[in-house]
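Observations on the three-dimensional arrangement
This is what each chain is made of:
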Amino acid sequence: MSAYMTDSVGAAADGGGIEGGDEVRAAILQRLREVTAPDYVDPARKDLTGLDWFALVGFMAACAVIFTVWGY
Amino acid sequence: MTEQASEEFAEQTSKEALLATVPVAAKERVWGFWDFTWVMTGLAIATWAFLIGGDVVYFLGLKAGIAAMVLGNAIGVFFVVISVLGNTKYGLEHFTLIRSVFGRHGIKPLIYILNFLVCIGWTGVLSVMFGRAGVNVLNELAGTDYGGDSALVLAFGVIALAVSWVVVVKGPVALKWFNRVVAPGLAIVLVVMVYFIFRETSWAELTAIKPLEPFGNKLLDFMMVVEFSLAGGVSWWPAQGNLTRLATTQRAGAWATVIGLFVVTLIAQTVGLMAALKFGDADPTAWMIPLTGTAVGVVILVWVAFANITTISVQAYQVCVAMRQEGVRFLASMRWDVMITIFLGLAVFLLIKPSLIYDNFFQFLYWIGLSYSPVMGIICVDYFLFRHQTLDLWAIFDARKGSPYDFWRGWNIAAYIAMGAGVAVYAALFNPVSLWNSAPFRYTSATVPSLVVAALVYFVLTQLWVKRVGKGGYTD
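Let us look at the structure shown here. Computed from a predicted structure; not experimentally measured.

Attention now goes to the overall build of chain B. Secondary structure summary: chain B contains 24 helices and zero strands in total. Relative to the compact-globule value of 23 Å for 476 residues, chain B shows a C-alpha radius of gyration of 22 Å, a close match. Counting over 476 residues, chain B shows a buried share of 61%. Excluding contacts between residues fewer than 6 apart, the proportion of contacts in chain B whose partners are at least 24 apart in sequence is 84%. Total accessible area on chain B is roughly 16900 Å²; 68% of this is exposed by carbon and sulfur atoms.

Okay, structure coming up:
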């Protein structure tokens, strides 16, 4: 979490800096508080592992090379 | 729709559009790996897959065509997958996340010009396809001989746009019902086409068929197809950012995308290429009746036309909602039906001479490669190298002057310089209109160098300039 982020939570608590009408600002503010809370858990936050990257790059590269050799 | 009702709908869509920028939380993520794979598969089996596969017939035969499509799609889809990982991680809407790269005002040209023009182009292509399908059905049933550029194609195309207008004005509920039936129907079309192709033609016969208008230089012809396949992959980029934010994990989002937009798309494109080779015609609407007979062919063409209305409607809805998001007041308050009329009305110009964009569809794809690839390169450098896959969510929504992602009054000049460099490199390598190409193009393509150069220029400018003057909220 950046220093700015910590500061801005306080600054944005009244909706400052967030654009839109009252309802929209309130919805964004509430959601930002929820998803930046220290106890917020979301499996999507887990980045791809080294193995994921290896498999992803490997699969795409293998397909590209194999088909190019076969077809070209 | 009365004026009052339209104003209410305009207000509602504006609010929906703004609320759509709220980050998705874990509890709202609805697509695990299998669900998302199904969604991606439904997207992949679309009529444009036949168009892309069909256009390969100009340059390459079956085996080389498949190889070039695989190579191009592999690169294009790979960059799409990694450039939207942040959307999954933070549940952010596509262009909202990009505020951290281009600035909150800097994303507006991407929405109002780039994305808008690309979607107008797609709408034009699909309405011509509807028109051609309609004319082919009429020719078959009434024994007429209207051509692909006849006024009747324009008339059918306008009907497609008018029906789409009604669907979009009705809002998302109508779109949802259309969507549920189109993809399964097109999957059946795919199976039927494969059956009829191989009932009369063997694999060996298909591989022996020569392309229609090759340059005669095998490497150049191969790269022409790689280039528009790359662009076809890259063209998913804006839609993909919004879809992957509903995936439960980054891994699920990435692999489902690979299966749908790479594997399944390639199957559909390959079927399109086989049909195009068999009939010596790149236009999918010209294959169906000769391939399957009158009864089945007419049903397929009607379905293809129906599918195109769905796609046009989805695009029109998404573009017009996006136009309401980023604080341009007159667009946010514009009557919903007027906005849809303007968007769909602009596509009518592309119907005046249908063959101009439809029969040069691959050139339209080249323009997409030119437009999107530098942006994707820039996003990847910013997200992975500078931000280390960590964004400041508060800063993304902070519109105040001096906030971390404010850059220079909401514009990241470095991103636009890098984008310009990427576009210049593309233009130096390849002309999407005349198909002129410089010597390196046949080895490098134009999209890949454009992406790489934009990424490099962005890296250098950010490292030596943006970070030093304290802009962009870079913490290291």
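Moving on from the model shown.
A few words now on the environment of Leu 92 of chain B. Residue and element names in this part refer to chain B. Of note, Leu 92 is situated in the loop between helix H5 (85–90) and helix H6 (94–97). Separated by 104 residues in sequence, Leu 92 and Phe 196 have C-alpha atoms that sit 44 Å apart. Once residues within four sequence positions are removed from consideration, Leu 92 is found in contact with Thr 21, Pro 23, Asn 87, Leu 97, Gly 241, Arg 245, Leu 391, Leu 393, Ile 396 and Phe 397.

What follows concerns the packing of aromatic side chains. Residue and element names in this part refer to chain B. Under the definition given, this model contains 37 aromatic pairs over all chains. Where Trp 31 meets Phe 36, the ring centres are 5.4 Å apart and the plane angle is 20°; that geometry is what we call stacked. Phe 36 shares its class with Trp 31; the two are buried. A ring pair is formed by Phe 430 and Phe 441, whose centres lie 4.6 Å apart and whose planes are at 5°; its orientation type is stacked. Here Phe 430, found in the loop between helix H22 (413–429) and helix H23 (441–444), pairs with Phe 441, found in helix H23; they are 11 residues apart in sequence, far enough to count as distant. Every member of this aromatic cluster is reached through a ring pair, and the members are Tyr 58, Phe 59, Phe 215, Phe 228, Phe 362, Tyr 366, Tyr 426, Phe 430 and Phe 441.

The subject of this paragraph is the interface of chain B and chain A. In this complex, chain B contributes 55 residues to the contact, which on the side of chain A involves 47 residues. Between chain B and chain A, a total of about 4400 Å² is buried, with carbon and sulfur atoms accounting for 69% of that surface. Across the chain B-chain A interface, the total number found is five salt bridges. A salt bridge links Glu 34 of chain A to Lys 27 of chain B, with the shortest nitrogen-to-oxygen separation between them at 3.1 Å. Counting every contact that joins chain B to chain A gives 16 residue pairs in polar contact (both at pLDDT 80 or more). Breaking the side of chain B that touches chain A down by element, the ones donating at least two residues are helix H1 (3–19), helix H4 (62–83), H5, helix H12 (218–234), helix H14 (250–279), helix H20 (361–386) and helix H21 (393–396) of chain B. By residue number, the principal contributor to the side of chain B that touches chain A is H4 of chain B, which donates 11 residues. Here the side of chain B that touches chain A is composed, by residue class, of 35 nonpolar, eight polar and 12 charged.

Residue and element names in this part refer to chain B. Here Phe 407 shows up in the loop between H21 and H22. A residue is classified by how much of its surface remains accessible, and Phe 407, at 3% relative accessible area, is buried. Taking the C-alpha atoms as reference points, Phe 407 and Leu 161, separated by 246 residues in sequence, lie 40 Å from one another. Among residues more than four places away in sequence, those in contact with Phe 407 are Arg 99, Ser 100, Val 101, Gly 103, Arg 387, Asn 412, Val 466, Lys 471, Gly 472 and Tyr 474.

For the pair helix H3 (residues 50–71) of chain A and H14 of chain B, the least separation of the axes is 11 Å and the interaxial angle reads 10°. One finds that H3 of chain A runs roughly parallel with respect to H14 of chain B. Residues Asp 52, Ala 55, Leu 56, Phe 59, Met 60 and Cys 63 of chain A of H3 of chain A lie in contact with H14 of chain B, whose contacting residues are Arg 251, Trp 255, Val 258, Phe 262 and Val 263 of chain B. Of the residues in the contact of H3 of chain A with H14 of chain B, the class split is nine nonpolar, no polar and two charged.

We now examine the packing of H20 of chain B against H22 of chain B. Residue and element names in this part refer to chain B. Two elements in contact, H20 and H22, have axes separated by 9 Å at closest approach and are oriented at 140°. Between H20 and H22, the crossing angle belongs to the class labelled oblique. Judged by the twist between their axes, the crossing of H20 over H22 is right-handed. Contacts between H20 and H22 involve Tyr 366, Gly 369, Leu 370, Ser 371, Pro 374, Val 375 and Ile 378 from the former and Ala 415, Ala 418, Met 419, Gly 422, Val 423 and Tyr 426 from the latter. The residue inventory of the contact of H20 with H22, partitioned by class, reads 10 nonpolar, three polar and no charged.

Definitions and limits used
- Residues numbered from 1 in each chain as written.
- Chains lettered and ligands numbered in written order.
- Predicted model: local features only at pLDDT ≥ 70, side-chain atom pairs only at ≥ 80, totals over all residues.
- Heavy atoms only, no water.
- Helix = DSSP H or I, 4+ residues; strand = E, 2+ residues; numbered from the N terminus.
- Rg over C-alpha atoms; globule rule 2.2 N^0.38 Å.
- Buried < 20%, exposed > 50% of the residue type's maximum accessible area, 1.4 Å probe, protein only.
- Contact = heavy atoms within 4.5 Å.
- Areas by Shrake-Rupley, 256 points an atom, 1.4 Å probe, with all protein chains shown as cover.
- Phe/Tyr/Trp six-rings, centres within 6.5 Å; stacked < 30°, edge-to-face > 60°.
- Buried area = accessible area lost by both parts, 1.4 Å probe.
- Salt bridge = Lys/Arg side-chain N within 4 Å of Asp/Glu carboxyl O.
- Polar contact = N/O pair within 3.5 Å; in protein donor to acceptor, adjacent residues only side chain to side chain.
- Nonpolar A, V, L, I, M, F, W, Y, C, P; charged D, E, K, R; others polar.
- Axes fitted to C-alpha atoms, helices over the stretch in contact; angles between N-to-C directions.
- Parallel < 35°, antiparallel > 145°, perpendicular 65-115°, else oblique.
- Left-handed = near helix turned anticlockwise from the far one by under 90°.

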